[in-house]
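Architecture at a glance
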Amino acid sequence: SPGSGPRSSIPCLPRVPVLGSLPWLGGGLPPHLLFTQLGHRYGPLFALFLGPHYTLVINDHQHAREVLLQRGRDFAGRPSMVTTDLLTRGGKDIAFSDYSPLWKSHRRLVHNSFTLFGEGSSRLQDIASLSSVLSSVDGLCADLLSAGGHGFDPSPAVTRAVTNVVCMLVFSATYCHGDAELQEVMRYNDGIVQTITRGGLVDIYPWMKVFPNKCLSKLKECITVRDRLLSHKLEEHKASLSDGDPRDLLDALLKGKMDSGRGQKSSGSEDEKMTDDHVLMTAAEAFGAGVETTSTTLLWILAYLLHHPEVQERVQKELDEQVGSERQVCVSDRGRLAYLDCVINEGMRIRPVSPVLIPHTAMTDSSVGGHPVGRGTRVLVNMWSIHHDPRHWDKPDLFNPDRFLDDQGRRVTPSCFLPFGAGPRVCVGESLARLELFLFLSSLLQRMSFRLPDRAALPNLQGRLGVVLQPLPYKVIVTPRAGWEGSAK
Ligand code: HEM
Ligand code: PLO
């Protein structure tokens, strides 16, 4: 086919000099839908040129598993992009940093801090995480119940609750209602979500950044606000750091930095050491990732419950039978609340926060589906099309939690369900996210019911795509369930 070039036999979109395949990518569809549509024509694995960059698009789970798992090491690199380089001071974070020995040890540090050992764990850090989740859960329930009878947008309350969890884990602090700093955090996060990797062409042609660019200057503004706020937290932590157990992620990072300094002395290379920048960028990222992903997922699930009141009723019936209204839900109830688990999975399937994963790159010559793939090739995994593949999901556009149960009512996890990615770049926050989603949703639905305000339209399910796919704002009415009438603030 024209333009496929000598590099491989993977079907490739046409291309012209400089612009690459961009003239064939018009039409205004967001990338996940565009790639899904192109997949109907070019097959589940195809290539295109984003400007000069040869890029593979993967639309099915077999090839995705090959790239993420079987050849995960080969494809664990990240490209450098203008906006994310700004965000992370040239890749001094986890998510947008290219593969390197420092990145590996750095990632391990963060992964350990966020990996909870689940039910019955007695690890100090786990107990702290759990109690911060539980107190944010109580706060959110009280907030929603007191906003109550009139239609209101649940998003600020949800965001604040989730922010507080991450805030406890990262810097041992919480925000109360209306806190000015919290408002600032929510504002800069939103600015970053709307502009990162969306500076239009800047991420394809680095030289574009010399031209004035509205998106890029908004991003820079938000980053400045973030940096001022976080440097302050860092200085506080440095001043109060002690020899004991780390109090939070920031402590763990500062200690990790000291160890890495000691370990690397002999080899002596400057760029292999962790620096203050690494600490700051990683804390900022855990903060951003922890908030945006979990709150977005919760808001999608609430939106779907408004569309499907029968699903909400079934979750509540399960809660009444398995937990009752005499006590709060706890982590050990997770095994008993199978249907709720399916609702959470179905929410993450039908509206993946990250419909196209952060780009991967091939670190060595490798292959996909038997086709050779050269070093440096970019790979876009289209989770949207994997989660909506009609060959693997019956009526993929239907919100149907039962698809995660087998005939005997046991939970199943299909192999084409990959909401957290997989392999060396798998999400480091998965166990925290799952814990939060479970505790927030179970407690909310135990204590209250959600419905649409009279005459209001159902929530729009298309969403808007920034770096994550968010629902558009919508309103709910909240009524306390029997036994919880007095629990508003
Ligand atoms: C990476 C999903 C929550 C931190 C990712 C990736 C996905 C994902 C799809 C990319 C995998 C890839 O590039 O191959 C989710 C979902 C969440 C969630 C669906 C919640 C519902 C969290 C939380 C945190 C977090 C709570 C941190 C506290 C990260 C980080 C990475 C990542 C640091 C980058 C890993 C790397 O590149 O090595 N996540 N995530 N995520 N996630 Fe999450
Ligand atoms: C969210 C806004 C923050 O200000 C910065 C930030 C850091 C990490 C990003 C996150 C944002 C969006 C969701 C991302 C996360 C890293 C992994 C996660 C992209 C931009 C996903 C879902 O892949």
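Small disclaimer: the values here were computed from a predicted structure and weren't measured. (Residues numbered from 1 in each chain as written. Chains lettered and ligands numbered in written order. Predicted model: local features only at pLDDT ≥ 70, side-chain atom pairs only at ≥ 80, totals over all residues. Heavy atoms only, no water.)

1. Let's talk about the overall build of the chain
- A tally of regular secondary structure across the chain gives 14 helices and 10 strands.
- Computed over its C-alpha atoms, the radius of gyration of the chain comes to 23 Å, within 12% of the 23 Å expected for a compact globule of 489 residues.
- Considered along the principal axes of its C-alpha atoms, the chain spans approximately 70 × 55 × 45 Å.
- Looking at the chain as a whole, 54% of its 489 residues are labelled buried.
- Within the chain, contacts between residues at least 6 apart in sequence are counted, and of these 73% link residues at least 24 apart.
- Just so you have it, the chain exposes about 21400 Å², and 55% of that area is on carbon and sulfur atoms.
- Put simply, the chain has 53 plus and 52 minus side-chain charges, and the middle of one group is 5 Å from the middle of the other. (Helix = DSSP H or I, 4+ residues; strand = E, 2+ residues; numbered from the N terminus. Rg over C-alpha atoms; globule rule 2.2 N^0.38 Å. Buried < 20%, exposed > 50% of the residue type's maximum accessible area, 1.4 Å probe, protein only. Contact = heavy atoms within 4.5 Å. Areas by Shrake-Rupley, 256 points an atom, 1.4 Å probe, with all protein chains shown as cover. Lys, Arg positive; Asp, Glu negative; His and termini not counted. Charge placed at Lys NZ, Arg CZ, Asp CG, Glu CD.)

2. Here we look at the site of ligand 1
- Every one of the 25 residues lining ligand 1 counts as a neighbour, but Arg78, Arg107, His360, Arg425 and Cys427 are closest to it.
- A distance of 3.0 Å separates an oxygen atom of ligand 1 from a polar side-chain atom of Arg425.
- When contributions to the shell around ligand 1 are tallied by element, the ones reaching two or more residues are α4 (101-114) and α10 (276-307).
- In terms of residues, the shell around ligand 1 owes the most to one element, α10, which gives 7 residues.
- Of the residues contributing to the shell around ligand 1, the split by class is 14 nonpolar, 7 polar and 4 charged. (Near = heavy atom within 4 Å. Polar contact = N/O pair within 3.5 Å; in protein donor to acceptor, adjacent residues only side chain to side chain. Nonpolar A, V, L, I, M, F, W, Y, C, P; charged D, E, K, R; others polar.)

3. As for the packing of aromatic side chains
- The tally for this structure, following the rule as stated, stands at 8 aromatic pairs.
- An aromatic cluster is defined as three or more aromatic residues linked by ring pairs; in this entry it consists of Trp300, Tyr304 and Phe399.
- Across from the ring centre of Phe171, 5.4 Å away, lies the NZ or CZ of Lys233, which sits over that ring.
- Its end group placed over the ring of Trp393, Arg349 keeps NZ or CZ at 5.2 Å from the ring centre. (Phe/Tyr/Trp six-rings, centres within 6.5 Å; stacked < 30°, edge-to-face > 60°. Lys NZ or Arg CZ within 6 Å of the ring centre and 35° of its normal.)

4. Focus on helix α6 (residues 155-171)
- Taking 1.5 Å per residue as the helical rise, α6 with its 17 residues ought to reach 24 Å, and the 23 Å between its terminal C-alpha atoms agrees with that figure.
- With 14 of 17 residues buried, α6 lies mostly within the body of the structure.
- Just beyond α6, the residue with positive phi is Ser172, at close to 55°. (Expected span 1.5 Å × (residues − 1).)

5. Things to note about unusual backbone geometry
- Of note, the phi angle at Val18 is positive, near 65°, even though the residue is not glycine.
- Within the secondary structure layout, Val18 lies in the segment before α1 (31-42).
- One non-glycine residue, Ser172, lies in positive phi territory at about 55°.
- The residue Ser172 is located in the loop between α6 and α7 (180-195) in this model.
- Accessibility expressed as a relative area gives 37% for Ser172, which makes it partly exposed.

6. With respect to the pattern of salt bridges
- Inspection of every chain in the model, using the stated rule, returns 24 salt bridges.
- Of the charged contacts, one joins Asp276 and Lys238 as a salt bridge, the two residues approaching to 2.4 Å between their closest N and O atoms. You can see Asp276 sitting in helix α10 and its partner Lys238 sitting in helix α8 (residues 214-240), a full 38 residues away along the chain.
- What makes Asp276 partly exposed here is its relative accessible area of 26%. (Salt bridge = Lys/Arg side-chain N within 4 Å of Asp/Glu carboxyl O.)

7. A look at the site of ligand 2
- Taken together, 13 residues are adjacent to ligand 2, and Asn189, Ile192, Glu285, Glu292 and Ser354 come closest.
- Residue Asn189 places a side-chain N or O atom 2.5 Å away from an oxygen atom belonging to ligand 2.
- When contributions to the shell around ligand 2 are tallied by element, the ones reaching two or more residues are α7 and α10.
- A per-class count over the shell around ligand 2 returns 7 nonpolar, 4 polar and 2 charged.

8. Describing a nonpolar patch on the surface
- Together, Val16, Val18, Leu19 and Trp24 give the surface a local cluster of nonpolar side chains, amounting to about 340 Å² of exposed area.
- Within the secondary structure layout, Val16 lies in the segment before α1.
- Relative accessible area serves as the criterion here: at 30%, Val16 is assigned to the partly exposed category. (Patch = residues over 30% accessible without salt bridge, like charges linked within 9 Å, V, L, I, M, F, W, Y side chains within 5 Å.)

9. Side note on the nonpolar core
- Counting residues in each nonpolar core, the largest one holds 127 residues, and the members touching the most others are Leu56, Leu144 and Phe450.
- In terms of residue count, the dominant contributor to this core is α10 (17 residues).
- Leaving out residues up to four positions away in the same chain, Leu56 has contacts with Ile10, Leu45, Phe46, Ala47, Val368, Val373, Thr377, Arg378, Val379 and Leu380.
- Within the second largest apolar cluster, 14 residues are counted, among which are Leu22, Phe35, Phe46 and Leu48. (Core = buried A, V, L, I, M, F, W, Y, C linked by side-chain atoms within 4.5 Å.)

10. Focus: the confidence of the model for the chain
- For the chain, mean pLDDT is 89; residues scoring 70 or higher make up 92% of the total.
- Scored below 50 in pLDDT, residues 1-8 makes 14 contacts in the model with residues more than four places away or belonging to other chains.
- For this predicted complex, the interface score ipTM comes out at 0.98, alongside a pTM of 0.94. (pLDDT = per-residue confidence, 0-100.)

11. As for the sheet that holds strand β1 (residues 45-50)
- Spatial strand order, β1-β2-β6-β3: 4 strands in an open sheet with mixed pairing. A strand with exactly one partner marks an edge of an open sheet, and here the two such strands are β1 and β3 (360-361).
- Across 4 bridges, the pairing between strand β2 (residues 53-58) and strand β6 (residues 378-381) is parallel. Looking at β6, one finds that Val57 is bridged to Leu380.
- α1 rests against β1, β2 and β6 of the sheet, and its axis sits at about 120° to β1. (Pairing = 2+ DSSP bridges. Axes fitted to C-alpha atoms, helices over the stretch in contact; angles between N-to-C directions.)

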